[in-house]
Amino acid sequence: MAIRSLQRSKLWSESNWLVASLRLVLIVYSLSFFVDSTSDRSNMVRLTLSSKAKDRGAFCLDGSLPGYHFHKGSGSGSKSWLLFLEGGGWCDTIESCSSRAMTSLGSSNYFKHEVAFLGVLSSDPSQNPDFFNWNRVNIRYCDGASFAGHPEAEFKNETQLFFRGQLIWEAIMDELLSMGMSHAKQAILTGCSAGGLATLIHCDYFRDHLPKDASVKCVSDGGFFLNVPDVLGNPTMESFYHDVVTLQGVDKSLDQNCVAKTEPSKCMFPQEFLKNIRTPVFLVNAAYDFWQIQNVLVPNSADPDKRWAMCKLNIQNCDASQMKVLHGFRSSLMDAIGGFHQSKDGGMFINSCNSHCQTSITESWHSPTSTRIENKTIAESVGDWYFNRKQVKLIDCPYPCNTSC
Ligand SMILES: *[C@@H]1O[C@H](CO)[C@@H](O)[C@H](O)[C@H]1NC(C)=O
Ligand SMILES: *[C@@H]1O[C@H](CO)[C@@H](O)[C@H](O)[C@H]1NC(C)=O
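Procedures and definitions
- Residues numbered from 1 in each chain as written.
- Chains lettered and ligands numbered in written order.
- Predicted model: local features only at pLDDT ≥ 70, side-chain atom pairs only at ≥ 80, totals over all residues.
- Heavy atoms only, no water.
- Core = buried A, V, L, I, M, F, W, Y, C linked by side-chain atoms within 4.5 Å.
- Buried < 20%, exposed > 50% of the residue type's maximum accessible area, 1.4 Å probe, protein only.
- Disulfide = S-S within 2.5 Å.
- Helix = DSSP H or I, 4+ residues; strand = E, 2+ residues; numbered from the N terminus.
- Salt bridge = Lys/Arg side-chain N within 4 Å of Asp/Glu carboxyl O.
- Lys, Arg positive; Asp, Glu negative; His and termini not counted.
- Polar contact = N/O pair within 3.5 Å; in protein donor to acceptor, adjacent residues only side chain to side chain.
- Contact = heavy atoms within 4.5 Å.
- Expected span 1.5 Å × (residues − 1).
- Near = heavy atom within 4 Å.
- Nonpolar A, V, L, I, M, F, W, Y, C, P; charged D, E, K, R; others polar.
- Pairing = 2+ DSSP bridges.
- Phe/Tyr/Trp six-rings, centres within 6.5 Å; stacked < 30°, edge-to-face > 60°.
- Lys NZ or Arg CZ within 6 Å of the ring centre and 35° of its normal.

## As for the nonpolar core
Note that soluble globular proteins tend to have their nonpolar side chains buried in a common cluster.
Then, in step 1: Ranked by internal contacts, the top residues of the largest apolar core, which has 82 residues, are Leu83, Trp90, Met181, Phe206, Met268 and Leu326.
Then, in step 2: Among the nonpolar cores identified, the runner-up in size contains 25 residues, and Leu82, Phe117, Cys192 and Ala379 belong to it.

Pasting the structure below:
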């Protein structure tokens with residue numbers, strides 16, 4: 001009986017994740033459609049499939065070639081590079097990875113051939129004041145494990161799945177280095193969600209492969225996934241990461257100091273390895289990150305009677321007891337970044353919005369209506385920190401005090 005209910009809850013959580021990732025695909029799809037139909041074509045940057053990938057055995061989940069979109073820098077930005085790692089959840093089972101392999105998150109056969117460069121990727125100085133003329137690269141996510149899977153974990157039977165995330169990262173780094181990045185004077189690795197986590201995982205590798213005298217820093221957006229139990233007290237996120245790490249052999253890419261000390265899958269959580277990153281890091285994270293509320297704190301498996309359905313859709317719908325739980329989530333985030341707050345080189349913009357991925361959308365990155373703390377947009381805050389114009393340790397007051405959300 002106990003085993004049956006365990007299996008049942010596992011099924012619940014799997015379908016839950018599938019629904020979450022399908023929903024994400026839908027959101028991304030409709031967003032890109034929206035962008036396509038409303039913005040002018042000058043934002044669009046075409047896809048390049050990686051030329052180094054095949055020799056290095058770097059493939060998407062389905063065996064197709066990985067790719068990126070490259071916009072060449074100019075003028076004062078010609079020796080500056082900004083790499084953006086795309087996000088889109090993870091897959092933790094053969095079934096969920098096989099379904100993903102039939103989408104643009106697991107196969108370049110489904111990639112759009114052009115994407116819009118917005119927010120931190122924009123070439124418009126009014127939208128992207130500090131980085132608009134840098135070399136900018138949007139690296140597509142098609143491995144399902146934050147660019148950190150290893151082929152040793154692949155099955156030797158007819159299950160046709162490639163776990164090559166780490167190789168994709170290395171192949172594309174190689175390729176960009178040979179395209180001029182090896183002479184970079186300034187560089188930023190960034191990314192959102194699963195790509196924000198990948199940013200932290202690969203931050204020191206990025207630093208170590210660029211010239212010693214270059215100014216190299218990392219900006220993780222919406223990538224600080226917390227190891228907290230869900231509202232029923234179950235370790236939903238921890239067991240999910242355990243399954244991702246085990247399935248795809250991710251432990252080899254994780255911080256080895258951490259892996260030596262604890263269960264490797266725990267080292268997927270930034271709170272466990274942030275202090276070991278040698279390169280300066282900036283965290284952009286919403287304290288009421290909607291993805292984490294929907295999938296970490298209140299996954300469907302923890303809300304069988306759908307009491308949270310409305311609140312999960314919009315924080316304005318939450319009742320007092322639900323708000324108490326959400327404020328508790330914010331407090332856990334504050335605890336987890338407490339040590340980082342003391343770090344000399346680190347920076348942060350922790351706003352109290354109900355959002356997720358704020359750097360790649362013009363409206364939240366830098367616009368007259370975007371979220372601000374101390375009257376600074378995210379773009380201005382990241383710029384102030386990157387160029388050492390000032391210390392940036394911005395933490396918003398709890399919801400709903402900031403009206404700029
Ligand atoms: C391949 O091996 C894996 C791991 O042992 C197993 O879970 C899976 O079901 C196998 N697939 C097939 C098609 O036999
Ligand atoms: C906030 O910043 C904007 C422009 O960045 C400026 O025009 C405005 O006066 C500032 N507001 C306050 C209250 O300082």
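Picking up after the structure, the text goes on.
## Digging into the state of the cysteines
Simply put, disulfide is the name for a covalent bond between the sulfur atoms of two cysteines.
Then, in step 1: A full pass over the atoms with the stated rule returns eight disulfides.
Then, in step 2: The disulfide partner of Cys60 is Cys142, and the gap between their sulfur atoms is 2.1 Å. Because the sign of the S-S torsion sets the handedness, a value of about -75 degrees for the bond joining Cys60 and Cys142 places this disulfide among the left-handed ones. In this pair, Cys60 is assigned in the loop between α2 (53-56) and β2 (67-71) and Cys142 in the loop between β5 (135-139) and α4 (165-178), connecting sequence segments 82 residues apart.
Then, in step 3: Judged by relative accessible area, which is 0%, Cys60 ranks as buried.

## Some remarks on the pattern of salt bridges
Then, in step 1: For the coordinates displayed, the defined rule picks out eleven salt bridges.
Then, in step 2: Here Glu170 ties to Arg56 by a salt bridge, and the two come within 3.1 Å at their closest N and O atoms. Of this pair, Glu170 sits in helix α4 while Arg56 sits in helix α2; the two residues are 114 residues apart in sequence, bridging distant segments of the chain.
Then, in step 3: On the basis of relative accessible area, Glu170 is assigned to the buried category, the value being 17%.
Then, in step 4: Arg278 is paired through a salt bridge with Asp208; the nearest N and O atoms lie 3.0 Å apart. Linking Arg278 in the loop between α8 (270-273) and β8 (281-286) with Asp208 in helix α5 (residues 194-208), this pair joins segments that are 70 residues apart in sequence.
Then, in step 5: Linked by salt bridges that have partners in common, Asp130, Lys376, Asp384 and Arg389 make up one network.

## Section: the side chain of Arg207
Then, in step 1: Relative to the assigned elements, Arg207 resides in helix α5.
Then, in step 2: Within the buried core, Arg207 has no salt-bridge partner, and the shortest N-O distance to an opposite charge, that of Asp208, equals 5.0 Å.
Then, in step 3: Here the side chain of Arg207 touches Pro211 through a polar contact of 2.5 Å, landing on its backbone oxygen.
Then, in step 4: One polar contact links the side chain of Arg207 to the main-chain carbonyl oxygen of Ala214, over a distance of 3.1 Å.
Then, in step 5: Each residue touching Arg207, except ones within four places of it in the same chain, is listed here: Lys212, Ala214, Val216 and Thr279.

## Here we look at α4
Then, in step 1: The terminal C-alpha atoms of α4, which comprises 14 residues, lie 20 Å apart, in line with the 20 Å expected from a rise of 1.5 Å per residue.
Then, in step 2: Most of α4 is tucked away: twelve of the 14 residues are buried.
Then, in step 3: Just past α4, the residue Gly180 takes up positive phi, approximately 120 degrees.

## Description of the site of ligand 1
Then, in step 1: For ligand 1, the full set of nearby residues is Ile94, Phe155, Asn157, Glu158 and Thr159.
Then, in step 2: Side-chain polar atom of Asn157 to an oxygen atom of ligand 1: 2.3 Å apart, as the coordinates give it.
Then, in step 3: Partitioned by chemical class, the residues of the shell around ligand 1 number two nonpolar, two polar and one charged.

## As for the pairing of strand β9 (residues 347-351)
Then, in step 1: Of all five residues in β9, five are buried; the element is thus mostly enclosed.
Then, in step 2: Neither face of β9 is left uncovered, since the one carrying Gly347, Phe349 and Asn351 and the one carrying Met348 and Ile350 both have all their residues buried.
Then, in step 3: As paired elements, β8 and β9 share five bridges and run parallel to each other. Note on β9: the bridge partner recorded for Ala286 is Asn351.
Then, in step 4: Taken together, the three bridges between β9 and strand β10 (residues 393-395) define a ladder with parallel strand orientation.

## Concerning the packing of aromatic side chains
Then, in step 1: Under the definition given, this model contains 21 aromatic pairs.
Then, in step 2: Between Trp90 and Trp291, the ring centres sit 5.7 Å apart and the planes meet at 75 degrees, which makes this aromatic pair edge-to-face. Of this pair, Trp90 sits in the loop between β3 (80-85) and α3 (94-100) while Trp291 is found in helix α9 (residues 290-297), placing the two residues 201 residues apart along the sequence. Comparing Trp90 with Trp291, the two get one shared label, buried.
Then, in step 3: With centroids separated by 6.5 Å and ring planes inclined at 90 degrees, the aromatic side chains of Trp134 and Phe387 adopt a geometry described as edge-to-face. Of this pair, Trp134 sits in the loop between β4 (114-116) and β5 while Phe387 is found in the loop between α14 (378-386) and β10, placing the two residues 253 residues apart along the sequence.
Then, in step 4: Judged by relative accessible area, Trp134 falls into the buried class, the value being 2%.
Then, in step 5: Among the aromatic residues, those joined into a ring-pair cluster are Trp90, Phe225, Phe240, Tyr241, Phe269 and Trp291.
Then, in step 6: Stacked on the ring of Trp385, the Lys or Arg Lys217 has its end atom at 4.8 Å from the ring centre.

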